[in-house]
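Chain and residue survey
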Amino acid sequence: MIKKMPTHCGDDTCSSCVVAGDYIFLAHHAGGQDVYDIVHQTHAVLENMAETLATVGATLDDLVQINFYIKNADDFRKGADVFREYFKNGAPARMTVVTEFVNDRCLCQMDGIAYKPII
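In what follows, the accompanying structure is described. (Residues numbered from 1 in each chain as written. Predicted model: local features only at pLDDT ≥ 70, side-chain atom pairs only at ≥ 80, totals over all residues. Heavy atoms only, no water.)

Take the overall build of the protein chain next. The helix and strand inventory of the protein chain stands at three helices and six strands. Reading the secondary structure of the protein chain in the N-to-C direction produces β-β-β-α-β-α-α-β-β. A compact globule built from 119 residues should have a C-alpha radius of gyration of about 14 Å, and the protein chain, at 14 Å, falls within 12% of that. Counting only C-alpha atoms and orienting by the principal axes, one finds that the protein chain spans roughly 40 × 35 × 20 Å. Partitioning the intrachain contacts of the protein chain with sequence separation of at least 6 by distance along the chain shows that 66% fall at a separation of at least 24. Total accessible area on the protein chain stands at roughly 6600 Å², and carbon and sulfur atoms take up 54% of it. (Helix = DSSP H or I, 4+ residues; strand = E, 2+ residues; numbered from the N terminus. Rg over C-alpha atoms; globule rule 2.2 N^0.38 Å. Contact = heavy atoms within 4.5 Å. Areas by Shrake-Rupley, 256 points an atom, 1.4 Å probe, with all protein chains shown as cover.)

Listed below in structure tokens is the structure:
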């Protein structure tokens, strides 16, 4: 079974997530760009990912892998430290990439994969 969820970013060419069997593939998520601060934006992104996961009956605890895209390498530690607040039972595997974004105010984005067995 494959289930494609509606867009979360106003772009109908991008699902917010795709459920394929027991796996949930999250598209890019961003947020909090009203404040130009990596900590604020990292919190907002994780909250947005949690909302998307909730639409398919999952939580952040179901994430097994995250890609953390950041604009400034110097922001890595501050952004990564936010993960401790959301992953009390151990963090998912993570890859961090430094990149540019279409929106100049964007300091970070994430995508990921969750595992939630169908009961």
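Here the narrative resumes, following the displayed structure.
Each pair of aromatic rings is reported with the distance of its centres and the angle of its planes. Inspection of every chain in the model, using the stated rule, returns four aromatic pairs. Arranged with centres 6.4 Å apart and planes meeting at 35°, the rings of Tyr23 and Phe25 form a pair that is tilted. Under the relative-accessibility criterion, Tyr23 is labelled partly exposed at 39%. The rings of Tyr23, Phe25 and Tyr115 are connected pair by pair, giving a single aromatic cluster. (Phe/Tyr/Trp six-rings, centres within 6.5 Å; stacked < 30°, edge-to-face > 60°. Buried < 20%, exposed > 50% of the residue type's maximum accessible area, 1.4 Å probe, protein only.)

The strand order S1-S2-S3-S6-S4-S5 describes an open sheet built from six strands, whose pairing is mixed. Each end of this open sheet is capped by a strand with a single partner; those strands are strand S1 (2–4) and strand S5 (93–98). Going from strand to strand, the sheet's axes swing by 10° on average, the running direction of each strand aside. Pairing geometry for S1 and strand S2 (residues 17–20), over three bridges, is antiparallel. When the bridges of S2 are listed, Ile2 appears paired with Ala20. Of the strands in this sheet, S2, strand S3 (23–29), strand S4 (63–70) and strand S6 (108–115) touch helix H1 (residues 38–54), which is tilted by about 35° from S6. (Pairing = 2+ DSSP bridges. Axes fitted to C-alpha atoms, helices over the stretch in contact; angles between N-to-C directions.)

Under the criterion given, the structure shown has two salt bridges. Here Asp81 ties to Arg77 by a salt bridge, and the two come within 2.9 Å at their closest N and O atoms. Of the two residues, Asp81 and Arg77 both sit in helix H2 (residues 76–81), four residues apart, roughly one turn of that helix. With relative accessibility at 43%, the residue Arg77 sits in the partly exposed group. For Arg84, the salt bridge identified is with Asp81, shortest N-O distance 2.7 Å. A relative accessible area of 58% means that Arg84 is categorised as exposed. One salt-bridge network, held together by shared partners, links Arg77, Asp81 and Arg84. (Salt bridge = Lys/Arg side-chain N within 4 Å of Asp/Glu carboxyl O.)

In this fold, Ala58 is placed in the loop between H1 and S4. A relative accessible area of 5% places Ala58 in the buried class. Linking Ala58 and Ile24, residues 34 residues apart in sequence, is a C-alpha distance of 8.7 Å. Those residues within four positions of Ala58 in sequence are excluded, and the remaining contacts are Ile24, Leu53 and Lys116.

This is a description of form; function is not addressed.
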